[in-house]
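Listed below are the residues making up each chain.
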Amino acid sequence: MMQTVLVLTAVIFSLAAAGAIIRIARGPSLLDRVLAADVLLAILGGALCVDMAVNRHLNNLMLVVAISIIGFLGSVTVARFVADRREVPGES
Amino acid sequence: MSRRRISLRQELPLLVWLVIVWGALWQDFSPGNLLFGALLAVAVARLFYLPPVELSGRFNVLYAVPFALVFLAKVVVASAQVLYLAVVRGPRVKNAVVAVTLRSHQDLLVTATGHVISLIPGSLVVEVDRSTSTLYLHALNISSAADVDNLKKEVRAIEAGLIRIMGTKEELDAVRLEASA
Amino acid sequence: MSPDATGMDYWVDLVSAVFMVVGAVMSLGAAIGLLRFPDLLSRMHAATKPQVLGLFLLLAAIGLQMRTWWVWPVLVVAWIFQLLTVPVSAHMVGRAGYRTKHLHRELLTSDELEAVVQKAAAKTAREDDSGDGSKK
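Described below are features of the structure shown in this document. Each chain has its residues counted from 1, running along the sequence as written. Whichever chain is written first becomes A and whichever ligand is written first becomes 1, with later ones labelled in order. In view of the model being predicted, local features appear only for residues whose pLDDT reaches at least 70, and side-chain atom pairs are presented and counted only at 80 or more, with totals across whole chains, interfaces and linings using the full set of residues. To obtain the side-chain values, all non-hydrogen atoms of the structure were used and water was disregarded.

## Description of the overall build of chain B
Consideration 1: Assigned secondary structure in chain B consists of six helices and three strands.
Consideration 2: A helix here means a DSSP run of H or I that spans at least four residues, while a strand means a run of E at least two residues long, and both kinds are numbered starting from the N terminus. For chain B, the N- to C-terminal ordering of α and β elements is α-α-α-β-α-β-β-α-α.
Consideration 3: Here the term buried applies to any residue with accessible area under 20% of the maximum for its type, exposed to any over 50%, and partly exposed to those in between, with areas from a 1.4 Å probe on protein chains only. Counting every position in chain B, which comprises 181 residues, the buried fraction comes to 41%.
Consideration 4: It only takes one pair of heavy atoms within 4.5 Å for two residues to be counted as in contact. Taking the contacts inside chain B whose residues are at least 6 apart along the sequence as the reference set, 69% of them involve residues at least 24 apart.
Consideration 5: For chain B, the exposed area adds up to about 9,900 Å²; of that, 68% sits on carbon and sulfur atoms. The method behind every accessible area is Shrake-Rupley, applied with a 1.4 Å probe, and residues are considered shielded solely by the protein chains displayed.

Structure below.
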């Protein structure tokens, strides 16, 4: 059963990661790309979780904890950077 | 550099939280490890001084547990709703930016309310006006004025719940008065 | 699969398998939302909410699979930190997005912030005119 789950989640995560990457590539503005990159990070964390649960080890647990603690810093930094600029019409 | 002395009682929740995190990260809750964690927590709290969070001094567990359960249920509903909207509505979704004035003027309560409503169905804090404690929310799937009213009511209800858990006496009295009226 | 395939083990495996698949679907939902929603602020809903539930389910699956009590505190700590940080980044991105006009006005049924923002903008413009020119 666990092997089926592993395959199934791998497919789902790959599709999700592809979606996030498409948004990173296409995203009309910087903020869209940051948001999509955040989602991509969350997908990575989820994939690590599934790996740990299926193979019953805890090697990546600290990585997941670290992602959940400091993963938001990147988007906050970019958001501040974008918000600080004076508005230029038509461009982000 | 003048700093106000913070009482140990005011700092205690932070220290307890730090010790719990320490124990959890080591995956070891033996007394020795916890003691060392407590020493580190005190040292960290002294060295990396932050302005203390103003706590009201009351915390009601009887209200907190049901609130947490309801919150968890709402998180599930929120995810399902966003999933449904993403798949079915997609680009045709209607939104609104709504202003909600809160009763409380405590930073902690305003922050907690903002966090909770960011995580439950269809709302996200866009801007905060601290002087009037008004939250400006971006809400998903709002197509009529009735929806806006519902959202406002829900946010006020969540704030009332949080005040019951950890608000000050005055705010609690105001909420009770409102509920009985 | 497991060495002692008792009934209990089977059910725990089944529940954690369901959790894992649903958690993965949540990530997929976030990605679909990113692709299909029309503007930044609605995409942000898709990016934040399913993540929280997804991570919760996946962490619960780990806890069930490991079958030891001492992993649960770490998992709870990880989830609580995520609860604390996700709204922060969403709020910061949303604020920047609103200020840089990344939303489609025609999709909003009401906007109660716009008047406030315009008043504030007029005020700062007045201050800029009368005040110092050193502001960058």
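## Focus: the pairing of strand 1 (residues 95-101) of chain B
Residue and element names in this part refer to chain B.
Consideration 1: The element strand 1 is extensively covered by neighbouring structure, given that six of its seven residues are classed as buried.
Consideration 2: With seven bridges connecting them, strand 1 and strand 3 (residues 134-140) associate as antiparallel partners. Paired with Val97 across the two strands is His138, which belongs to strand 3. Between any two strands, at least two bridges found by DSSP are needed for them to pair.

## Re the pairing of strand 3 of chain B
All names here are of chain B.
Consideration 1: Of all seven residues in strand 3, seven are buried, a share of seventy percent or more.
Consideration 2: Of the two faces of strand 3, the one lined by Thr134, Tyr136, His138 and Leu140 and the one lined by Leu135, Leu137 and Ala139 are each fully buried.
Consideration 3: Of the strand pairs in this sheet, strand 2 (residues 123-129) and strand 3 are connected by six bridges, and their pairing is antiparallel. In the sheet register, Asp129 faces strand 3, and the bridge partner there is Thr134.
Consideration 4: Linking two consecutive strands that pair antiparallel, namely strand 2 and strand 3, is a turn of four residues; a positive phi of about 45 degrees is found at Ser133 within it.

## Side note on the packing of helix 3 (residues 61-70) of chain A against helix 3 (residues 72-99) of chain C
Consideration 1: Running from amino to carboxyl end, helix 3 of chain A crosses helix 3 of chain C at an angle of 20 degrees, the nearest separation of the two axes being 8 Å. When the axes of helix 3 of chain A and helix 3 of chain C are compared, the pair comes out roughly parallel. As for how helix 3 of chain A packs across helix 3 of chain C, the hand of that crossing is left-handed. Side by side, helix 3 of chain A and helix 3 of chain C meet where Leu61, Met62, Val65, Ser68 and Ile69 of chain A of the first sit next to Val74, Leu75, Ala78, Phe81, Gln82 and Thr85 of chain C of the second.
Consideration 2: Partitioning the contact of helix 3 of chain A with helix 3 of chain C into residue classes produces eight nonpolar, three polar and no charged. Axis definition: a line fit to C-alpha positions, over the contact stretch in the case of helices; interaxial angles, taken between N-to-C directions, run 0 to 180 degrees. Angles are sorted into four bins: roughly parallel if under 35 degrees, roughly antiparallel if over 145, roughly perpendicular if 65 to 115, and oblique for all others. Each helix crossing is assigned a hand: it is left-handed if the near helix lies turned anticlockwise from the far helix by less than a right angle, otherwise right-handed if that turn is clockwise. Polarity classes work like this: nonpolar for Ala, Val, Leu, Ile, Met, Phe, Trp, Tyr, Cys and Pro, charged for Asp, Glu, Lys and Arg, and polar for all others, with Gly in that last group.

## Things to note about the interface of chain C and chain B
Interface size is commonly expressed as the accessible surface area that is lost when the partners come together.
Consideration 1: Residue-level contacts link 47 residues of chain C with 48 residues of chain B.
Consideration 2: The term buried area means the drop in 1.4 Å probe accessible area that two parts suffer when joined, counted for both and summed. Summed over both partners, the interface of chain C with chain B comes to about 4,000 Å²; 72% of that surface belongs to carbon and sulfur atoms.
Consideration 3: In protein, a polar contact means a hydrogen-donor-capable atom and an acceptor-capable atom, both N or O and within 3.5 Å, with residues adjacent in sequence counting only if both atoms are side-chain atoms; elsewhere, any N or O pair within 3.5 Å suffices. For the interface between chain C and chain B, the tally reads six residue pairs in polar contact (both at pLDDT 80 or more).
Consideration 4: Elements that contribute at least two residues to the side of chain C that touches chain B include exactly helix 1 (7-36), helix 2 (40-66), helix 3 and strand 1 (108-111) of chain C.

## Section: the nonpolar core
Consideration 1: Nonpolar cores are built from buried Ala, Val, Leu, Ile, Met, Phe, Trp, Tyr and Cys residues. Side-chain atoms within 4.5 Å join them into one set. Formed by 92 residues in total, the largest nonpolar core has its most connected members in Ile117 and Leu137 of chain B together with Met20, Leu59 and Ile62 of chain C.
Consideration 2: Top contributing element to this core by residue count: helix 2 of chain C, with 13 residues.
Consideration 3: The contacts of Leu137 of chain B, once residues within four sequence positions are left out, are Ala96, Val97, Val98, Val100, Ile117, Ser123, Leu124, Val125, Val126, Leu151 and Val155 of chain B.
Consideration 4: Leu85, Val93 and Leu140 of chain B together with Ala46 of chain C belong to the second-largest nonpolar core, a separate cluster that totals seven residues.

Bear in mind that shape data such as this cannot, by itself, settle questions of function.
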